[in-house]
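# Architecture at a glance
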Amino acid sequence: MSVPDSLAHGVDPARPGTLHARTIVAGIRVGPRPGRTVRLGRAERPDVDLSVGVDDLSVSRRHAELTYRTGRWWLRNLGHQLMRLPRDRMMHSSTEPVPLADGYTPLFIRGSGYRQHLVELYVTGQDGETRVNRHQAETIPPRIWELSETERLLLVVLGEHYLLYEEAPRPLTYKQAADRLAYLRPDDKWRVRTIEHRIEAVRHRLQAGGFPYPLLHDASSGRPYENNLLHNLLKGLVESTTLVPPHLDLLEGDPAVTR
């Protein structure tokens, strides 16, 4: 599976204050103009500017809106279901509007069952006066670590809380991952030991390739918990944008489909 487009990888140059928004359906870019409002929800144009959760009746037809005022984009929840920002910040329909920071912000709208619908937001920031003008310089991208389709699926299942950008995420246990995979891919018959062996192979390969966090046991300093090594792996993959929120789409869809 190719890496999906994600605003976490950055955006094209735009006027400071420009709002970029993307769902699995489409994306938009809106310039900063006082009073400009961008509407999100299950409906389609012209009732909303960007559709989200189009097949999920738990998502409101107009679920959220972003309004540009006082030099910021302000996010408001209009729907019945909660919305969640990074660091587990929850928004109810009674919550006061929240200003978006410059840069990348993933927004999760709670849907039916375990579903969470991602809206990626990105606000183009102001250049600091002390920064050197490097408009034409080549961008230095983060290192994207190579993963097979199966490895990516396993890591997304184990690291769902990391991709939801929770404040203190921890990996699922291998048993929890096996149970989740039994639902997502019932024909594959994943077992705990099989998952553990596949992840161990990933840890060895990435450690040898210069991964920024320890992935193997260091006998000289005692035996760390396996869970801590898995935490290091998931943390590094998310920080490098090897795993990005759109990969959570692997946890939805037809369980019989291999992506």
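Analysis parameters
- Residues numbered from 1 in each chain as written.
- Predicted model: local features only at pLDDT ≥ 70, side-chain atom pairs only at ≥ 80, totals over all residues.
- Heavy atoms only, no water.
- Patch = residues over 30% accessible without salt bridge, like charges linked within 9 Å, V, L, I, M, F, W, Y side chains within 5 Å.
- Areas by Shrake-Rupley, 256 points an atom, 1.4 Å probe, with all protein chains shown as cover.
- Salt bridge = Lys/Arg side-chain N within 4 Å of Asp/Glu carboxyl O.
- Helix = DSSP H or I, 4+ residues; strand = E, 2+ residues; numbered from the N terminus.
- Axes fitted to C-alpha atoms, helices over the stretch in contact; angles between N-to-C directions.
- Left-handed = near helix turned anticlockwise from the far one by under 90°.
- Contact = heavy atoms within 4.5 Å.
- Nonpolar A, V, L, I, M, F, W, Y, C, P; charged D, E, K, R; others polar.
- Parallel < 35°, antiparallel > 145°, perpendicular 65-115°, else oblique.
- Pairing = 2+ DSSP bridges.

Another aspect to go through is a nonpolar patch on the surface. Among the surface-exposed residues, Ile24, Val25 and Val54 lie close enough to one another that they form a single nonpolar patch of about 310 Å² accessible area. Considering the arrangement of structural elements, one finds Val54 in the loop between strand 4 (50-51) and strand 5 (64-69).

The interhelical angle for the contact between helix 1 (residues 149-158) and helix 3 (residues 174-184), taken along N-to-C directions, is 115°, at an axis separation of 9 Å. Crossing of helix 1 against helix 3: the hand is right-handed. Counting all contacts with helix 1, which are made through Leu153, Leu154, Val157 and Leu158, the residues of helix 3 involved are Tyr174, Ala177, Arg180, Leu181 and Leu184. Class assignment of the residues belonging to the contact of helix 1 with helix 3 gives a composition of eight nonpolar, no polar and one charged.

Right, let's talk about the packing of helix 1 against helix 4 (residues 192-208) for a bit. It is the contact of helix 1 with helix 4, at a shortest axis distance of 11 Å, that shows an interaxial angle of 105°. Of the possible angle classes, the one that applies to helix 1 and helix 4 is roughly perpendicular. For the pair helix 1 and helix 4, the contacting residues are Thr150, Glu151, Leu154, Leu155 and Leu158 in the first and Ile195, Arg198, Ile199, Val202 and Arg205 in the second. Here the contact of helix 1 with helix 4 is built from residues that sort into six nonpolar, one polar and three charged.

With respect to topology, six strands assemble into an open sheet ordered 2-1-11-10-7-8, the strand pairing being antiparallel. Single-partner strands in this sheet number two, and they are strand 2 (27-30) and strand 8 (89-91). Looking at each pair of strands side by side, their axes are set apart by 20° on average, direction ignored. Where strand 1 (residues 19-22) meets strand 11 (residues 116-123), four bridges bridge the pair, whose relative direction is antiparallel. By the bridge assignment, Ala21 is partnered in strand 11 with Leu121.

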